[in-house]
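Chain by chain, the residues:
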Protein chains: 2
Amino acid sequence: MHPFDTAMALTPAGDDRFHGATSPAYANMVGPFGGTTGAVLLNAALLHPARLGEPIALTVNFASALTDGAFEIEARAVRTNRSTQHWTMALSQGGEVTTTATAVFAVRRPTWSAPEAVAPIDVPRPETLPPPNRGARLEWVKRYDMRFVHGGLPSTFEGHEQPDSRTTLWVRDEPPRPLDFASLAAIADCFFPRIFVRRHKVTPIGTVSLTTFFHADSAMLAAQGDRPVLGTAKGQNFRNGYFDQSAELWSDSGQQLVSTHQIVYFRE
Amino acid sequence: MHPFDTAMALTPAGDDRFHGATSPAYANMVGPFGGTTGAVLLNAALLHPARLGEPIALTVNFASALTDGAFEIEARAVRTNRSTQHWTMALSQGGEVTTTATAVFAVRRPTWSAPEAVAPIDVPRPETLPPPNRGARLEWVKRYDMRFVHGGLPSTFEGHEQPDSRTTLWVRDEPPRPLDFASLAAIADCFFPRIFVRRHKVTPIGTVSLTTFFHADSAMLAAQGDRPVLGTAKGQNFRNGYFDQSAELWSDSGQQLVSTHQIVYFRE
């Protein structure tokens, strides 16, 4: 079983409830990688028997750190329309809510379609780029094959600053795993906190709210399979304890899969 | 009383509940302008006696159209930490939830701060730009003084397309009103649907999910007062019934006030 599937495993517990557990394979500094927490909340809606269509939007609010171990998710379809469905979710440990989420699902229909944002051009193929450092300190980082085209983690942390935090990378699950909505939601959160890149300094941080918009449908995911997706990220504003960063993920044929935006707490 | 204050008026109804009503001054094609719906949900948390700090993030999910008239809001502080607070809100009419929302509030502390995104440069002052067309068809549009620097609504709707949907404008409440968090949240949604700009064509649309990150604190809002703020918006991807657009609002001294992102349903 792929470690991501282990992390996504949920047991229905009746009344819109599911039981799951954090996964040591995705351990972060404290508790699990937030990307998997958001993904497992989405997965509760994906697995729910009342589910209509595919994800369009997901917002995850990290109210407090998860502790390693069991959790319960409540996923409730608040409103089901003809072609859209609105969800609220909450993840609890020991009866205390640690994470809230909302999602919109929809049945898509063919319409006029056109991109506006464009994928980075002249990007070397992932297999020509250095493989990730297998000595990564954090478990979750080892679960992704990230190959940096530009803007990797600074090699020195001597406190000098750079004016932008742009990163371009290829990324896939490690070991390879066919892309689905849950893994796409997790990958959308794989970008290191932009403040580390800007400041060449690691300070305590924690995402407080993460929103992902899905442009991919299941046919696009199937076409992408387990090959690396291209990602770009940048920060916007860092001010008095909070900064926001935005990112995009692209298929290897240049189609936008998601746009994602988060606001992150930082200290110092 | 300013029409925006009328639209924001809420009467506490006990047990985390508030009563309010849609405001004809902010009428949209169907029901009220979504910006005021999001703002009044935020306002319920702002007015709640348990509120801690100031808004950091707001997500509003438009589950179904509001009808003109009374509504009830439930605003619940799900988790209060030392310096952050997580809210879930729901707006109901006739016992049916039409709109859900989440918000994060926080007490900010001084830290290292630096922008990354920059305000548009070489922008003419608002008073040198043409005043808005007072013959606007939609009531809510008349409640904003929008002066377009670039990328206004196309003057002809003959169906020819343009490759980007960028808009730069100055905007303030009409009549002028000192900026606060609720009015800032509403202004964040003032940008016309990017698909009208791209396609030179008006098709049925509706925002399904809207996220706003607040960089402004109350001191920045007080410094801005009732003068116009600068806004920029662009689309990302339009595909099979959904597109996303992102926008920024800037103080007239060039400080970023918010970044905001929404995904919008469209037909045809």
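Before any of the text, the structure's been laid out above.
Now for a look at the structure at hand. Each chain carries its own residue numbering, running from 1 in the written order of its sequence. Working convention: letters from A go to chains and numbers from 1 go to ligands, in the order in which they are written. In view of the model being predicted, local features appear only for residues whose pLDDT reaches at least 70, and side-chain atom pairs are presented and counted only at 80 or more, with totals across whole chains, interfaces and linings using the full set of residues. Computation of side-chain values: all heavy atoms of the structure, hydrogens and water removed.

### Overview of the overall build of chain A
Turning to step 1, where the next piece is worked out: A run of DSSP states H or I qualifies as a helix once it reaches four residues; a run of E qualifies as a strand once it reaches two. Both are numbered from the N-terminal end. For chain A, the count of helices and strands is 6 helices and 13 strands.
Turning to step 2, where the next piece is worked out: Taken against the 2.2 N^0.38 rule, which gives 18 Å for 268 residues, the C-alpha radius of gyration of chain A at 18 Å falls within 12% of a compact globule.
Turning to step 3, where the next piece is worked out: In terms of principal-axis extent, the alpha carbons of chain A reach across some 50 × 45 × 35 Å.
Turning to step 4, where the next piece is worked out: Relative accessibility thresholds used throughout: buried, under 20% of the residue-type maximum; exposed, over 50%; partly exposed, between the two (1.4 Å probe, protein chains only). Every one of the 268 residues in chain A was classed for burial, and the buried ones make up 60%.
Turning to step 5, where the next piece is worked out: Of the contacts made within chain A by residues no fewer than 6 positions apart, 70% connect residues no fewer than 24 positions apart.
Turning to step 6, where the next piece is worked out: Accessible surface is estimated by sampling points in the Shrake-Rupley manner with a 1.4 Å probe; for residues, cover comes only from the protein chains shown. Of the roughly 10,300 Å² of accessible surface on chain A, 54% is carried by carbon and sulfur atoms.
Turning to step 7, where the next piece is worked out: None of His or the chain ends enter the tally, which takes Lys and Arg as positive and Asp and Glu as negative. Working definition for charges: the position is that of NZ of Lys, CZ of Arg, CG of Asp or CD of Glu. Averaging the locations of the 24 positively and 26 negatively charged side chains of chain A gives two centres separated by 3 Å. Only the C-alpha atoms count toward the radius of gyration. The rule for a globule is 2.2 Å times the residue count to the power 0.38. The contact definition used throughout considers only heavy atoms, calling two residues in contact when any of these lie within 4.5 Å.

### Considering the side chain of B:T203
All names here are of chain B.
Turning to step 1, where the next piece is worked out: Its place among the elements puts T203 in the loop between α5 (194–199) and β10 (205–214).
Turning to step 2, where the next piece is worked out: Taking the relative accessible area as the measure of exposure, T203 reaches 4% and is therefore buried.
Turning to step 3, where the next piece is worked out: Setting aside chain neighbours within four positions, we find T203 in contact with I195, F196, F266, R267 and E268.

### Here's the deal with the interface of chain B and chain A
Turning to step 1, where the next piece is worked out: Between chain B and chain A, the residue contacts involve 65 residues of the former and 65 residues of the latter.
Turning to step 2, where the next piece is worked out: Counted as salt bridges are all cases of a side-chain nitrogen of Lys or Arg within 4 Å of a carboxyl oxygen of Asp or Glu. If you look at where chain B meets chain A, you find 6 salt bridges.
Turning to step 3, where the next piece is worked out: Here a polar contact is taken to be a pair of N or O atoms separated by no more than 3.5 Å, where protein atoms must pair a possible hydrogen donor with a possible acceptor and residues adjacent in sequence count only if both atoms sit in side chains. One can count 46 residue pairs in polar contact (both at pLDDT 80 or more) joining chain B with chain A.
Turning to step 4, where the next piece is worked out: By residue class, the composition of the side of chain B that touches chain A is 23 nonpolar, 26 polar and 16 charged.
Turning to step 5, where the next piece is worked out: DSSP-based pairing: two strands are paired if at least 2 bridges between them are found. Both strand β11 (residues 229–239) of chain A and strand β7 (residues 114–115) of chain B contribute to a ladder of 2 bridges, which runs antiparallel. From the neighbouring strand, A:F238 faces β7(B), where its bridge partner is B:A114. Ten residue types, Ala, Val, Leu, Ile, Met, Phe, Trp, Tyr, Cys and Pro, are classed as nonpolar, four, Asp, Glu, Lys and Arg, as charged, and the remainder, Gly among them, as polar.

### Quick word on the pattern of salt bridges
Turning to step 1, where the next piece is worked out: If you walk through the whole model with that rule in mind, you get 30 salt bridges over all chains.
Turning to step 2, where the next piece is worked out: Here B:R147 ties to B:D145 by a salt bridge, and the two come within 2.9 Å at their closest N and O atoms.
Turning to step 3, where the next piece is worked out: When its relative accessible area of 16% is taken as the criterion, B:R147 is described as buried.
Turning to step 4, where the next piece is worked out: As a salt-bridge pair, B:R227 and B:D252 come within 2.6 Å of each other at their nearest N and O atoms. Placement of the pair is B:R227 in the loop between α6 (218–224) and β11 (229–239) and B:D252 in the loop between β12 (242–250) and β13 (256–266), with a sequence separation of 25 residues.
Turning to step 5, where the next piece is worked out: Residue B:R227 is classed as partly exposed on the basis of its relative accessible area, which comes to 37%.
Turning to step 6, where the next piece is worked out: Relative accessible area serves as the criterion here: at 26%, B:D252 is assigned to the partly exposed category.
Turning to step 7, where the next piece is worked out: One continuous salt-bridge network, built from bridges that share partners, spans A:D145, A:R147, A:R172 and A:E174.

### Quick look at a nonpolar patch on the surface
Turning to step 1, where the next piece is worked out: Residues enter patches when they are more than 30% accessible in relative terms and free of salt bridges; like-charged ones are connected within 9 Å and nonpolar ones (Val, Leu, Ile, Met, Phe, Trp, Tyr) within 5 Å. Among the surface-exposed residues, A:L153, A:F157 and A:V202 lie close enough to one another that they form a single nonpolar patch of about 250 Å² accessible area.
Turning to step 2, where the next piece is worked out: Following the sequence through the fold, A:F157 ends up in the loop between β8 (144–150) and β9 (167–173).

### Quick notes on unusual backbone geometry
All names here are of chain A.
Turning to step 1, where the next piece is worked out: The omega angle of the peptide bond from E174 to P175 is -5 degrees, so this bond is cis rather than trans.
Turning to step 2, where the next piece is worked out: For P175, the position within the fold is in the loop between β9 and α4 (181–187).
Turning to step 3, where the next piece is worked out: Located in the positive-phi region is D16, a residue other than glycine, with phi close to 65 degrees.
Turning to step 4, where the next piece is worked out: Mapped onto the secondary structure, D16 falls in the loop between β1 (11–12) and β2 (17–21).

### Section: the pairing of strand β12 (residues 242–250) of chain A
Residues and elements named next belong to chain A.
Turning to step 1, where the next piece is worked out: Across the 9 residues of β12, 9 count as buried, placing the element largely inside the fold.
Turning to step 2, where the next piece is worked out: Here β12 shows no split at all, with Y242, D244, S246, E248 and W250 on one side and F243, Q245, A247 and L249 on the other all buried.
Turning to step 3, where the next piece is worked out: Bridge count for β11 against β12 is 8 bridges, and the pairing is antiparallel. By the bridge assignment, R239 is partnered in β12 with Y242.

### Structural notes on helix α2 (residues 34–47) of chain A
Turning to step 1, where the next piece is worked out: Expected span of a helix: the number of residues minus one, times 1.5 Å. For α2(A), built from 14 residues, the straight-helix expectation of 20 Å at 1.5 Å per residue is met to within 8% by its first-to-last C-alpha distance of 20 Å.
Turning to step 2, where the next piece is worked out: Buried residues dominate α2(A), accounting for 13 of its 14 residues.

### Side note on the relation of the copies chain B and chain A
Turning to step 1, where the next piece is worked out: Expressed as a screw operation, the relation of chain B to chain A combines 0.0 Å of axial shift with a rotation of 180 degrees, fitting to an RMSD of 0.0 Å. On the angle and the small slide along the axis, the relation comes out as a two-fold axis.
Turning to step 2, where the next piece is worked out: By residue overlap, the copies meet face to face through one surface: 100% of the interface positions of chain B are interface positions in chain A. Our superposition of the copies is a least-squares fit, built on the C-alpha atoms of residues whose pLDDT is at least 70 in both.

### Here we look at the pairing of strand β2 (residues 17–21) of chain B
Residues and elements named next belong to chain B.
Turning to step 1, where the next piece is worked out: Residues F18 and G20 of β2 are buried on one face, while the alternating residues R17, H19 and A21, pointing to the opposite face, are not.
Turning to step 2, where the next piece is worked out: Pairing of strand β1 (residues 11–12) with β2 involves 2 bridges; the strand directions are antiparallel. When the bridges of β2 are listed, P12 appears paired with F18.
Turning to step 3, where the next piece is worked out: Where β1 folds back onto β2 in an antiparallel hairpin, the turn is made up of 4 residues, including G14, whose phi is positive at roughly 75 degrees.
Turning to step 4, where the next piece is worked out: Bridge count for β2 against strand β4 (residues 70–80) is 5 bridges, and the pairing is antiparallel. Each bridged residue has a counterpart across the sheet, and for R17 the counterpart in β4 is E74.

### Side note on the packing of aromatic side chains
Turning to step 1, where the next piece is worked out: A pair of aromatic rings is counted whenever rings of Phe, Tyr or Trp (Trp by its six-membered ring) have centres within 6.5 Å, and the orientation is called stacked for planes under 30 degrees apart, edge-to-face for over 60 and tilted otherwise. Taken as a whole and judged by the stated rule, the model has 27 aromatic pairs over all chains.
Turning to step 2, where the next piece is worked out: Aromatic side chains B:F181 and B:F214 sit 6.0 Å apart centroid to centroid with 80 degrees between the ring planes, which places their arrangement in the edge-to-face category. Of this pair, B:F181 sits in helix α4 (residues 181–187) while B:F214 sits in strand β10, and the two are 33 residues apart along the sequence. Here B:F181 matches B:F214 in class, with each residue buried.
Turning to step 3, where the next piece is worked out: Taken together, A:F4, A:Y26, A:F33, A:W140, A:Y144, A:F148 and A:F192 form an aromatic cluster joined through their ring pairs.
Turning to step 4, where the next piece is worked out: Sitting over a ring, as applied to charges here, requires NZ of Lys or CZ of Arg to be within 6 Å of the ring centre and within 35 degrees of the ring normal. Between the NZ or CZ atom of A:R125 and the centre of the ring of A:W170, over which it lies, the distance is 5.2 Å.

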